[in-house]
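So the chains spell out like this:
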Amino acid sequence: MCQHQPSCPPAGASDREAAQVSTRHPDQGWTLLCNGVLIFDDTGELLPNGQIIAPHRLHSNAVGVAA
């Protein structure tokens, strides 16, 4: 899918999220990358082959305490 040089990582690569943005719809909560990957605001992904990648947002369990 990627037509520019250097080419973006393919959808199956571990660094697939580094691909350039093709279409952005923040109002709907998703972004389409030029490699065909849909990234959702919750950090979940949908690959072009239909594979679902679960959200992988980092959560902080630290609780701040005011002194």
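Our structure is the block above this text.
In this text the structure is predicted, and so the values were computed from the model without any measurement. (Residues numbered from 1 in each chain as written. Predicted model: local features only at pLDDT ≥ 70, side-chain atom pairs only at ≥ 80, totals over all residues. Heavy atoms only, no water.)

Attention now moves to the overall build of the protein. A count of helical and extended segments in the protein gives zero helices and five strands. The proportion of buried residues among the 67 residues of the protein is 28%. Contacts in the protein between residues far apart in sequence, at least 24 positions, make up 19% of those at least 6 positions apart. Summed over all atoms, the accessible surface of the protein reaches about 4,900 Å², with 55% contributed by carbon and sulfur. (Helix = DSSP H or I, 4+ residues; strand = E, 2+ residues; numbered from the N terminus. Buried < 20%, exposed > 50% of the residue type's maximum accessible area, 1.4 Å probe, protein only. Contact = heavy atoms within 4.5 Å. Areas by Shrake-Rupley, 256 points an atom, 1.4 Å probe, with all protein chains shown as cover.)

Here we take up the sheet that holds strand β3 (residues 38–40). Overall, antiparallel pairing links the five strands, which are arranged β1-β2-β3-β4-β5 in an open sheet. The open sheet has two edge strands, β1 (21–25) and β5 (52–53), and neither has a second partner. In terms of strand pairing, strand β2 (residues 30–33) meets β3 through three bridges, oriented antiparallel. Bridged to Trp30 within β3 is Phe40. (Pairing = 2+ DSSP bridges.)

Right, let's talk about the pairing of β1 for a bit. As defined by bridge partners, β1 adjoins β2 across four bridges and the pair is classed as antiparallel. When the sheet's bridge partners are listed, Val21 is paired in β2 with Leu33. Hairpin remark: β1 followed by β2, antiparallel, with four residues in the connecting loop; positive phi at Gly29, about 85 degrees.

With a phi close to 75 degrees, Thr43 is a non-glycine residue in the positive phi region. Turning to its location among the elements, Thr43 is positioned in the loop between β3 and β4 (45–46).

Looking at the element boundaries, Ala54 is found in the segment after β5. Exposure remark for Ala54: the relative accessible area of 52% places this residue in the exposed category. In this structure, the C-alpha to C-alpha distance between Ala54 and Gly44, residues ten residues apart in sequence, is 4.9 Å. Non-local contacts of Ala54, meaning those with residues more than four positions away in its chain, are made with Thr43 and Gly44.

The values reported here are purely geometric and, on their own, carry no functional implication.
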